[in-house]
Amino acid sequence: ISSVLSLLAELRQPEDPPNRLTCVLSDGTALYAFRHASDNKCPTLYLHHCDAGIVLASEPLEQTSENWRPVPINQLVRCEKSTIETQPLFEQVVA
């Protein structure tokens, strides 16, 4: 995923509109989700952990959003059963 986003950034010209992307993918066992934008104005993505499982949605599905938390920008979220893990979407480059 980070390789594709890095390639998009390299190919993007200054006059091009920003790349904005929110994705939820599955390998049949786990869900993977992230949000990214070349201008840091990402579409929204929220996560809710409840008794029935884990819900990912573009907006909170309830009137009160206190149980919903935004997926951080440029973080890959992995959800499997009742486990939620996050990691940076891009590799950290140490100079």
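Report follows, based on the coordinates.

Conventions and cut-offs
All residue numbers here refer to positions counted from 1 along the written sequence of the relevant chain. In keeping with the predicted nature of the model, local features appear solely for residues at pLDDT of at least 70, side-chain atom pairs appear and are counted solely at 80 or more, and the whole-chain, interface and lining totals rest on all residues. The side-chain quantities take in all heavy atoms of the structure and omit both hydrogens and water. Every helix listed is a DSSP run of H or I at least four residues long, and every strand listed is a run of E at least two residues long, numbered separately from the N terminus. A simple rule labels every residue: compare its accessible area, found with a 1.4 Å probe on the protein chains alone, to the largest value its type can have, and call it buried under 20%, exposed over 50%, or partly exposed in between. Definition of a polar contact: a pair of N or O atoms within 3.5 Å, with one able to donate and the other able to accept a hydrogen when the atoms are protein atoms, and with sequence-neighbouring residues admitted only if both atoms are side-chain atoms. By definition in these notes, contact holds between two residues if any of their heavy atoms fall within 4.5 Å. Pairing between strands is defined by DSSP: at least two bridges between them are needed. Lines fitted to the C-alpha atoms define the axes, with helices restricted to the stretch that makes contact. Angles between their N-to-C directions range from 0 to 180 degrees. For this analysis, a salt bridge means a side-chain nitrogen from Lys or Arg found within 4 Å of a carboxyl oxygen belonging to Asp or Glu. Among buried residues, the Ala, Val, Leu, Ile, Met, Phe, Trp, Tyr and Cys ones that are joined through side-chain atoms within 4.5 Å form a nonpolar core.

### Thoughts on the side chain of His48
Then comes step 1: As for its position among the elements, His48 is in strand β3 (residues 46-50).
Then comes step 2: Accessibility expressed as a relative area gives 9% for His48, which makes it buried.
Then comes step 3: Within the local environment of His48, its side chain forms a polar contact with the backbone oxygen of Asn67, the two atoms lying 2.9 Å apart.
Then comes step 4: Leaving out residues up to four positions away in the same chain, His48 has contacts with Gly53, Ile54, Val55, Glu62, Asn67 and Trp68.

### Observations regarding the sheet that holds strand β2 (residues 31-37)
Then comes step 1: In spatial order, the strands read β1-β2-β6-β7; together these four strands make up an open sheet with antiparallel pairing. Among the strands making up the open sheet, the edge pair consists of β1 (20-26) and β7 (83-88). Averaged over neighbouring strand pairs, the angle between their axes works out to 15° when direction is ignored.
Then comes step 2: By the bridge criterion, seven bridges tie β1 to β2 in an arrangement that is antiparallel. Pairing of Leu21 across the sheet is with His36, part of β2.

### Here we look at the sheet that holds strand β4 (residues 53-57)
Then comes step 1: The antiparallel open sheet is built from three strands, whose spatial order is β4-β3-β5. The open sheet terminates on both sides in strands that have one partner only, identified here as β4 and β5 (69-70).
Then comes step 2: As paired strands, β3 and β4 are joined by five bridges and run antiparallel to one another. Bridge assignment links Cys50 to a residue of β4, and that residue is Gly53.

### Points about the pattern of salt bridges
When the charged atoms of two side chains lie near each other, side chains of opposite charge can form a pair.
Then comes step 1: On inspection of all chains with the given rule, the structure shows three salt bridges.
Then comes step 2: The shortest N-O distance in the salt bridge between Asp39 and Arg20 comes to 2.4 Å. Within this pair, whereas Asp39 is found in the loop between β2 and β3, its partner Arg20 is found in strand β1, the two being separated by 19 residues in sequence.
Then comes step 3: The class for Asp39 is partly exposed, based on a relative accessible area of 26%.

### As for the nonpolar core
Then comes step 1: Ala33, Leu45, Leu47, Ile54, Leu56, Val71, Val77 and Cys79 together form the largest nonpolar core, which totals eight residues.
Then comes step 2: Taken together, the elements giving at least two residues each to this core come down to β4 and β6 (75-80).
Then comes step 3: Residues contacting Leu45, with those up to four places away along its chain left out, are Thr22, Cys23, Val24, Ala33, Phe34, Arg35, Ala57, Ser58, Arg69, Pro70 and Val71.

Function cannot be inferred from these measures alone, as they are strictly geometric.
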